[in-house]
Amino acid sequence: MSSQRPEISYTVPGMSTQDSRQIISLLQMRLHSLNDLALTLKHIHWNVVGPHFIAVHEMIDPQVDQVRAMTDDLAERISTLGGEPNGTPGALVDERTWNDYSIGRAEAIEHLGALDLVYSSVIKDHREAMQATETSDPVTQDMLIEQLRGLELFQWFVRAHLESSGGKLSTRGATTETAAAGQAADQARDQP
């Protein structure tokens, strides 16, 4: 991370300030990730086109609302632990370890293919943070588990559009958003 966090002067009873600093750092990256996800979801909402426009357009907004609520929970937990949540766009851009979402105006299925990869990355990193808090902070872990439940549900909603009747996920093996978007479009064209 490029910016230094101020020292914390207190934390919750029963937790060391060292553990709190580590958890605050984990949560700050989760905050950046979910702020980025909320913006990406709105970008998709605004740029989806094609015959499935309305279904995807309307599926995305409740996800945005719930992801924004998750960011609020993360920021409040950071504060509870004695930290200072940083939700500025500059901090997100400076500290993130991923690139901007790469798809502009595109067919619904293409956005869903790319979004599947976005969700996979967010869920993987969220799961790692959840595991890292198991011993030191079960309260934070519980919050992350609940957030994972929602994120995994949203990915299932996305994947329901990407799965063939034979159970093949069109984005399987894709490593970039562009490739996932292309694979999703190809499978959609090949289905009867």
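That block above? That's the structure.
Just so we're clear, the structure is a prediction, and the values are computed from it rather than from any experiment.

Definitions and limits used
- Residues numbered from 1 in each chain as written.
- Predicted model: local features only at pLDDT ≥ 70, side-chain atom pairs only at ≥ 80, totals over all residues.
- Heavy atoms only, no water.
- Salt bridge = Lys/Arg side-chain N within 4 Å of Asp/Glu carboxyl O.
- Helix = DSSP H or I, 4+ residues; strand = E, 2+ residues; numbered from the N terminus.
- Buried < 20%, exposed > 50% of the residue type's maximum accessible area, 1.4 Å probe, protein only.
- Expected span 1.5 Å × (residues − 1).
- Contact = heavy atoms within 4.5 Å.
- Polar contact = N/O pair within 3.5 Å; in protein donor to acceptor, adjacent residues only side chain to side chain.
- Phe/Tyr/Trp six-rings, centres within 6.5 Å; stacked < 30°, edge-to-face > 60°.

Q: Residue-level account of the pattern of salt bridges, with values.
A: Two side chains bearing opposite charge may form a pair once their charged atoms approach each other closely. The full count for this structure, using the stated rule, is 12 salt bridges. Close ionic contact of Arg96 with Asp36 constitutes a salt bridge, the shortest N to O distance being 3.7 Å. Here Arg96 is found in the loop between helix H3 (89-95) and strand E2 (106-107), whereas its partner Asp36 is found in helix H1 (residues 17-47), with 60 residues between them in sequence. Take Asp36: its relative accessible area is 13%, and that puts it in the buried class. Residue Arg96 is joined to Asp100 by a salt bridge in which the shortest nitrogen-to-oxygen separation is 2.7 Å. The class for Arg96 is buried, based on a relative accessible area of 18%. Residue class for Asp100 comes out exposed when judged on its relative accessible area of 51%. Taken together, the shared-partner salt bridges connect Arg30, Lys124, Asp125 and Glu128 into one network.

Q: Which residues make up helix H6 (residues 177-190), and what are the values?
A: With 14 residues, H6 ought to run about 20 Å at 1.5 Å a step, and its terminal C-alpha atoms sit 20 Å apart, in line with that. In the core, the buried residues of H6 are packed alongside helix H4 (108-132) and helix H5 (138-162).

Q: Tell me about the side chain of Lys42, residues and numbers included.
A: Tracing the sequence through the fold places Lys42 in helix H1. When its relative accessible area of 15% is taken as the criterion, Lys42 is described as buried. Polar side-chain contacts of Lys42 include one of 2.8 Å to the side chain of Asp61. Those residues within four positions of Lys42 in sequence are excluded, and the remaining contacts are Asp61, Val64 and Arg68.

Q: An account of the packing of aromatic side chains is needed here, citing residue identities and associated values.
A: One pass over the structure, following the stated rule, counts three aromatic pairs. Taken together, a centroid distance of 6.4 Å and an interplanar angle of 45 degrees make the contact between Phe154 and Phe157 tilted. Residue Phe154 and its partner Phe157 are located together in helix H5, separated by three residues, close to a single helical turn. The class for Phe154 is buried, based on a relative accessible area of 3%. Relative to Phe157, the ring of Trp156 lies with its centre 5.7 Å away and its plane at 45 degrees, an arrangement referred to as tilted. Given a relative accessible area of 29%, Phe157 falls into the partly exposed group. Clustering of aromatic rings is evident, with ring pairs tying together Tyr119, Phe154, Trp156 and Phe157.

Take it as geometry only, folks, not as evidence of what the structure does.
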